[in-house]
Amino acid sequence: MRLAATLALLLAASAVLAQETRSEYLQMFDGDGDGRVSEAEYLAYMDRSFRSVDSNGDGILETGELPGHRGRPITLTDFQDNLRRQFHKLDRNRDGHLNARELTAPPR
Ligand SMILES: [Ca+2]
Ligand SMILES: [Ca+2]
């Protein structure tokens, strides 16, 4: 699962998790401020991360744009499909939202 590893790197690059408390981290995702993260909010936040890494703005992360300049290119569609799977894996209690604990669980 190289893509999963790449996503984890992107997550790490986009959030300075070590310096944030769980609730501060959640607030970065929580667009409507209800204290939990919906799939749409999760995707919207990660979309911004994707775009910040996608320096030439073509919707594809080429190898040279990836952390460490390794791995195969990732399209925005691949990225979003993976994020949806990741979201549902993180949603341990299956309520359709991530709380701070679920959100900050390490990617598996
Ligand atoms: Ca929310
Ligand atoms: Ca949940």
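Residues numbered from 1 in each chain as written. Chains lettered and ligands numbered in written order. Predicted model: local features only at pLDDT ≥ 70, side-chain atom pairs only at ≥ 80, totals over all residues.

## Examining the overall build of the chain
As a reminder of what qualifies: Helix and strand assignments follow DSSP, with helices taken as H or I runs no shorter than four residues and strands as E runs no shorter than two, numbered in order from the N terminus. To sort residues by exposure, count the other C-beta atoms lying within 10 Å of each residue's C-beta; 20 or more gives buried, 12 or fewer gives exposed, and values between give partly exposed, all with C-beta atoms placed from the backbone. Working definition of a contact: two residues with C-beta atoms, positioned from the backbone, lying within 7 Å.
Per the secondary structure count, the chain includes five helices and four strands. In sequence order, the secondary structure elements of the chain are arranged as α-α-β-α-β-β-α-β-α. Across the 108 residues that make up the chain, the buried fraction comes to 16%. For the chain, the share of sequence-separated contacts (at least 6 apart) that also reach a separation of at least 24 residues comes to 53%.

## Topic: the nonpolar core
So the rule is basically this: Put simply, a nonpolar core is buried Ala, Val, Leu, Ile, Met, Phe, Trp, Tyr and Cys residues tied into one set by C-beta atoms within 7 Å.
Membership of the largest hydrophobic core is limited to 12 residues, which are Leu26, Val37, Tyr42, Met46, Phe50, Leu61, Ile74, Phe79, Leu83, Phe87, Leu98 and Leu103. Breaking this core down by element, the ones donating at least two residues are helix H3 (39–53) and helix H4 (76–90). Among residues more than four places away in sequence, those in contact with leucine 26 are Val37, Ala100 and Leu103.

## With respect to the environment of arginine 36
Of note, arginine 36 is situated in the loop between helix H2 (22–29) and strand E1 (37–38). Under the C-beta neighbour-count criterion, arginine 36 is labelled partly exposed, with 18 such atoms within 10 Å. Distance in space between the C-alpha atoms of arginine 36 and asparagine 99 is 5.0 Å, their sequence separation being 63 residues. Not counting residues up to four positions away in its chain, the partners in contact with arginine 36 are Asp30, His97, Leu98 and Asn99.

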